[in-house]
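# Survey of secondary and tertiary structure
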Amino acid sequence: MVELKTDRSIDAMREAGRVVARALAAAREAADVGVSLLELDGVAREVLRAAGAGSPFLGYRPRFAPTPFPAVVCASVNDAIVHGIPDGYRLRDGDLVSIDCGATLDGWAGDAAVSFTVGRPRPADLALIATAERALAAGIAAAVPGNRIGDIAHAIGSVGRAAGYGIPDGFGGHGIGRTMHEDPGVPNEGPPGRGMKLRPGMVLAIEPMLVAGGTDDYLTDADGWTLRTVDGSRAAHAEHTVAITPSGPRILTAP
Ligand code: MG
Ligand code: MG
């Protein structure tokens, strides 16, 4: 069941999205060599608190998870793909960090993620991140009325595969509204022209995840949350919450 949002509701989601954008910008700004992942979570937490926003991450417990999620961001470093739990790990020179953050404001949710490096970057990491961002942009560009979910998936997957990267099996984006995860699922790869037709009022979180080593398999850490690459290669993740509108995609988590 897919809920179509009114223009007013989309405006309200934009406000939640602005909080997410601010939290991500603050966490990125704070990230540096020697800074811990818990400190980054604290920075995002303060942005949410100051905005009067809640966290859809904190206490979240999907079926696969052994424990409620303990933080307001996911922090996934190097070979961690997504869902990393912020801990006392202190960032090192050249680390690749993905931060994923959500917020709820006035009953509406926003969800976005960004990847970046700290210290001296490895060129391969910059290429991986740039490709994840291009895949996200391609997916967003396909998020127009009349297209189908498969067109978004195909746009994302084409960019990732052309660069030779892996695309973790079974993970992707989702509808979003009053709760963070709603129908429909938005795969990161697939044939064009398939799946649900996109209509004005649909709001989707579009979120490519790319693996440098080229494999689609992943491992789950003992914590039951963190997904890691099987070959130790690095991964990048980029995400925006996007509304389908008659005049084209509206990015609700843009700064
Ligand atoms: Mg997210
Ligand atoms: Mg998401």
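Everything discussed here concerns the structure shown above.
Quick summary incoming for the structure in this document. From a predicted model like this one, the values you see are computed outputs, not experimental measurements.

Coordination of the magnesium ion (ligand 1) by the protein is provided by D100 (OD), D100 (OD), D111 (OD) and E239 (OE), with metal-donor distances spanning 2.0 to 2.5 Å. The sequence motif formed by the donor residues of the magnesium ion (ligand 1) is D-x10-D-x127-E. A separation of 3.1 Å is found between the magnesium ion (ligand 1) and the magnesium ion (ligand 2), which share D111 as a coordinating residue. Linking D111 in strand 4 (residues 108–117) with E239 in the loop between strand 11 (235–237) and strand 12 (240–245), this pair joins segments that are 128 residues apart in sequence. We classify D111 as buried; its relative accessible area is 2%. Since its relative accessible area comes to 1%, E239 is described here as buried.

A separate point is the packing of helix 1 (residues 7–30) against helix 2 (residues 37–51). Relative placement of two packed helices is described by the angle separating their axes and the distance separating the axes. Where helix 1 meets helix 2, the axes come as close as 8 Å, and the angle between the chain directions of the two elements is 150°. When the axis of helix 1 is compared with that of helix 2, the two are roughly antiparallel. Every pair of crossing elements has a handedness; the one defined by helix 1 and helix 2 is right-handed. Of the residues in helix 2, those in contact with V19, R22, A23, A26, A27 and A30 of helix 1 are L40, V43, A44, V47, L48 and A51. Classifying every residue of the contact of helix 1 with helix 2 by side-chain character gives 11 nonpolar, no polar and one charged.

What counts and how
- Residues numbered from 1 in each chain as written.
- Chains lettered and ligands numbered in written order.
- Predicted model: local features only at pLDDT ≥ 70, side-chain atom pairs only at ≥ 80, totals over all residues.
- Heavy atoms only, no water.
- Donors = N, O, S within 2.8 Å, 3.2 Å for Na, K, Ca; no water.
- Helix = DSSP H or I, 4+ residues; strand = E, 2+ residues; numbered from the N terminus.
- Buried < 20%, exposed > 50% of the residue type's maximum accessible area, 1.4 Å probe, protein only.
- Axes fitted to C-alpha atoms, helices over the stretch in contact; angles between N-to-C directions.
- Parallel < 35°, antiparallel > 145°, perpendicular 65-115°, else oblique.
- Left-handed = near helix turned anticlockwise from the far one by under 90°.
- Contact = heavy atoms within 4.5 Å.
- Nonpolar A, V, L, I, M, F, W, Y, C, P; charged D, E, K, R; others polar.

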